[in-house]
Amino acid sequence: AYFTPLVKQYQKVLLLDSATRQRLEADADASSGAGAAAVLQRVQERAAWNREQERIKKEQDEAADAERVLFATIDWHDFVIVGAIEFLEDEGGDLPPPLKLEDLGTRLRAQERYEAERQHKDAAAAAAASSAAAASSAGGGGGDEMDVSDGSDMEMDE
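Residues numbered from 1 in each chain as written. Predicted model: local features only at pLDDT ≥ 70, side-chain atom pairs only at ≥ 80, totals over all residues. Heavy atoms only, no water.

(A) Geometry of the overall build of the chain. For the chain, the helix and strand inventory stands at 4 helices and 0 strands. Order of helices (α) and strands (β) in the chain, N terminus to C terminus: α-α-α-α. When the 158 residues of the chain are sorted by exposure, 2% land in the buried category. For the chain, the exposed surface amounts to about 15300 Å²; the carbon and sulfur share of it is 57%. (Helix = DSSP H or I, 4+ residues; strand = E, 2+ residues; numbered from the N terminus. Buried < 20%, exposed > 50% of the residue type's maximum accessible area, 1.4 Å probe, protein only. Areas by Shrake-Rupley, 256 points an atom, 1.4 Å probe, with all protein chains shown as cover.)

Structure follows, in structure tokens:
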């Protein structure tokens, strides 16, 4: 098990593909300034990538440490059990069977679809109500107004 990775590494070095061999030959040609500049550019890019990866790992470690410290600040002995629910053996028939994970996902998707449809219907009803209210106020008398008279046509008994 130890020698197999070594053999594979030697094979990669000794049996290079043509693109890798050409790149290495171009890099080794120190007489041309372009080869040395290309190597230097790749080295700088790799160093920047390594720094970025170290920064990301450091941020993740700091976040994990902060979470551990926050978790450690909780006084777990301060919690009190207020009550316990006991199920007798004969009461088990009233409980539904346990849900499978796929059933739970199906129920959640169905609930989300139902809520989306309800919101869509509520929005449509609100839009219809607002357009009806705007039409009645702009129309100037759709029969909802009350007739007001000055009382001159009323008879009075004396």
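(B) Inspection of the pattern of salt bridges at higher detail. With the rule as written, the count across this model stands at 4 salt bridges. The closest approach of N and O atoms between Arg 55 and Glu 59, which form a salt bridge, is 2.5 Å. One end of the pair is Arg 55 and the other is Glu 59, both in helix α3 (residues 33-72) and 4 residues apart, which spans about a single turn. The exposure class assigned to Arg 55 is partly exposed, which follows from its relative accessible area of 38%. (Salt bridge = Lys/Arg side-chain N within 4 Å of Asp/Glu carboxyl O.)

(C) Region of interest: a nonpolar patch on the surface. On the surface, Tyr 2, Phe 3, Leu 6, Tyr 10, Val 13, Leu 14 and Leu 15 cluster together to form a nonpolar patch covering roughly 870 Å² of accessible area. The partly exposed category is assigned to Leu 6, whose relative accessible area is 34%. (Patch = residues over 30% accessible without salt bridge, like charges linked within 9 Å, V, L, I, M, F, W, Y side chains within 5 Å.)

(D) Molecular detail of the packing of aromatic side chains. If you walk through the whole model with that rule in mind, you get 3 aromatic pairs. The structure contains a cluster of three or more aromatic residues connected by ring pairs, namely Phe 71, Trp 76 and Phe 79. (Phe/Tyr/Trp six-rings, centres within 6.5 Å; stacked < 30°, edge-to-face > 60°.)

(E) Fine view of the confidence of the model for the chain. Scored by pLDDT, the chain comes out at a mean of 82, with 81% of its residues at no less than 70. Taking the mean pLDDT of every element in the chain, the minimum, 80, falls on helix α2 (residues 18-28) and the maximum, 91, on α3. (pLDDT = per-residue confidence, 0-100.)

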